[in-house]
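Structure at a glance
One-letter residues, chain by chain:
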Amino acid sequence: MAASRIVIENCAIATVDADDTEYPSGHVVVAGNRIESVGAGPAPRDLADVARRIDGTGHLATPGLVNTHHHFYQWITRGLAQDANLFDWLVALYPTWSRIDERMVHAAAQGSLAMMARGGVTTAMDHHYVYPKGSGDLSGTIIGAAAEMGVRFTLARGSMDRGASDGGLPPDFAVETLEGALAATEQTVDHHHDPSFDAMTQVAVAPCSPFSISTELLRQGAELARRKGVRLHTHGSETVEEEKFCHELFGMGPTDYFESTGWLGEDVWMAHCVHMNDSDIAAFARTGTGVAHCPSSNARLAAGIARVPDMLAAGVPVGLGVDGTASNESGELHTELRNALLINRLGSHRERALTVRQALRLGTHGGARVLGRAEQIGSLEPGKLADLVLWKLDGIGHASIADPVAALVLGPAAPVTLSLVNGEPVVEDGRLTTVDEETIARRTRDEARRLARIAAMG
Ligand SMILES: [Zn+2]
């Protein structure tokens, strides 16, 4: 039996393919979970099995947004340590974070996922690294929340084994043992990672950051990921304090330290990469190591400005990330297109700063590349998975801008009329179709209050 079709037509289209092909008025035909055709003008009239025909007048169709760095659990610890830099902020929040349980993590994952899906994210990721003893199956809980919402998902199974008594930043009761972390990560890969083209769930090996993990966890984590054929993720070169920490403990900067432990390569992507010199950028380009650029979080924690234009010029794969919502606060990815462009123009390389089309590419194809899924998602091309967004641009916020890509990137956050993931609607007319938004809002408020109460008891 032929797969039923969804036809979208009369909209502007930014395909984000290799040539940046755009159509002022075009069509996209979806058959089952794949894109069947994309082109100028209306779709052919004689298509069979058309279940739905959508008039996209006044809209822009783009690939779905791909988020490459996040910490879902932070949805219930927002608005805290408001004026701190990274290290002070971490020290202030670790004791609260180490009290999380399954119910809290599920509510926080729902809140994080809902906020992103409503804003056009079709592939989400969560770097989860806080696994307190006796807290239950947190990885399974997070993966379950993404499946309920219907978004494509990568769980970066994080870990920390360098507590304060070993010179690390997290308190001892928030960390796992080296052996425990590796065994649990391997189990998560075995249970949940799907290597197929259409995969809705993938797993990456993701020790947290140099100042919360042992060198051995990095080394053995890389071995584990390569043995299993999954990707590697961590935080890197986020702040000057981290750079100083690496020089003091390891006698080298973060990039050289990562390279010495097997952590540069085409199967690796790192969040932030703010403090990179020319030779660090060259090492990332040479090895194909990817970057999750998180402009709002870097601004919120006063970390600095990543050299994204230089990375792109060198050929480094770069995607966008919201980062955890305790440092991003809003949890939206579509506003990061705008923030990436604006913040990079404040940097010292503004003559080569980002264009609106480069910003859209970072949030779509760039993210897909960083997650190792550029063959399957990240652009609107026949044969790729049907993950796409129809942005409403004929309202008061956007109607006066002639260039639809400029309207999307530079204008206010555009409403999402339709978001398809794997050919299935996840957003219709700005509302989530798979879950109840009011229930999620109530649950996140209740769980945030419960966590604050438990943390206050010490
Ligand atoms: Zn992060």
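Residues numbered from 1 in each chain as written. Predicted model: local features only at pLDDT ≥ 70, side-chain atom pairs only at ≥ 80, totals over all residues.

An unreviewed UniProt entry lists the protein under the name 8-oxoguanine deaminase, with Streptomyces palmae given as the organism.

**Structural notes on the overall build of the protein**
Spelled out, the test is: We count a stretch as a helix when DSSP gives it H or I for four or more residues in a row; a strand needs E for two or more, and each element gets its number in order from the N terminus. Within these notes, the globule rule equals 2.2 Å times the number of residues to the 0.38 power, and the radius of gyration is based on C-alpha atoms. Exposure classes come from backbone-placed C-beta atoms, where a residue is buried if 20 or more other C-beta atoms lie within 10 Å of its own, exposed if 12 or fewer do, and partly exposed in between. The contact criterion used is a C-beta to C-beta distance within 7 Å, with each C-beta placed from the backbone.
Regarding its fold elements, the protein presents 15 helices and 17 strands. For 458 residues, the compact-globule estimate of 2.2 N^0.38 gives 23 Å, and the protein sits close to it at 21 Å. Based on the C-alpha atoms only, the size of the protein along its principal axes is roughly 70 × 45 × 45 Å. Considering the protein as a whole, with its 458 residues, one finds that 55% of them fall into the buried category. A separation of at least 24 residues holds for 74% of the contacts in the protein among residues at least 6 apart in sequence.

**Some points on the nonpolar core**
The test is simple: What makes a nonpolar core is a set of buried Ala, Val, Leu, Ile, Met, Phe, Trp, Tyr and Cys residues, with links drawn between C-beta atoms within 7 Å.
Ranked by size, the top nonpolar core spans 137 residues in total, and within it Val 28, Leu 113, Ala 117 and Val 151 carry the most contacts. When sequence neighbours within four positions are dropped, the list of residues in contact with Val 151 reads Leu 113, Ala 117, Val 121, Thr 122, Thr 123, Ala 124, Ala 146, Val 421 and Val 426.

**A look at unusual backbone geometry**
Backbone geometry places Asn 10, a non-glycine residue, at a positive phi of 70 degrees. The class for Asn 10 is partly exposed, based on 16 C-beta atoms found within 10 Å.

**Things to note about the packing of helix 2 (residues 102-118) against helix 3 (residues 138-149)**
A pair of packed helices can be characterised by two numbers: the angle between their axes and the separation between those axes. The test is simple: Orientation is described by axes fitted as lines to C-alpha atoms, over the contacting stretch for helices, and by angles from 0 to 180 degrees between their N-to-C directions. In a left-handed crossing the near helix is turned counterclockwise from the far helix by less than a right angle, and in a right-handed crossing that turn is clockwise. Basically, the charged four are Asp, Glu, Lys and Arg, the nonpolar ten are Ala, Val, Leu, Ile, Met, Phe, Trp, Tyr, Cys and Pro, and anything else, Gly included, counts as polar.
Interhelical geometry of helix 2 versus helix 3 gives an angle of 35 degrees and a closest axis separation of 9 Å. Like other packed secondary-structure pairs, helix 2 and helix 3 cross with a definite hand, here right-handed. Seen from helix 2, the contacting residues are Glu 102, Val 105, His 106, Ala 109, Gln 110, Leu 113, Ala 114 and Ala 117; seen from helix 3, they are Leu 138, Thr 141, Ile 142, Ala 145, Ala 146 and Met 149. When the residues that make up the contact of helix 2 with helix 3 are grouped by side-chain class, the tally is 10 nonpolar, three polar and one charged.

**Quick word on the environment of Gly 180**
Along the chain, the position of Gly 180 falls in helix 4 (residues 178-192). Gly 180 gets classed as partly exposed once you count the C-beta atoms within 10 Å, which come to 14. C-alpha separation for the pair Gly 180 and Asp 161, spaced 19 residues apart in sequence, amounts to 9.2 Å.

**Structural notes on the domain arrangement of the protein**
Put simply, the rule reads: What marks off one domain from the next here is an automatic or database domain assignment.
Taken domain by domain, the protein holds domain 1 (5-63 + 385-432) and domain 2 (65-370). For domain 1 versus domain 2, the distance between C-alpha centres works out to 30 Å. With 26 residues of domain 1 at the contact, the number on the domain 2 side is 27 residues. For the side of domain 1 that touches domain 2, the class distribution of residues is 18 nonpolar, five polar and three charged.

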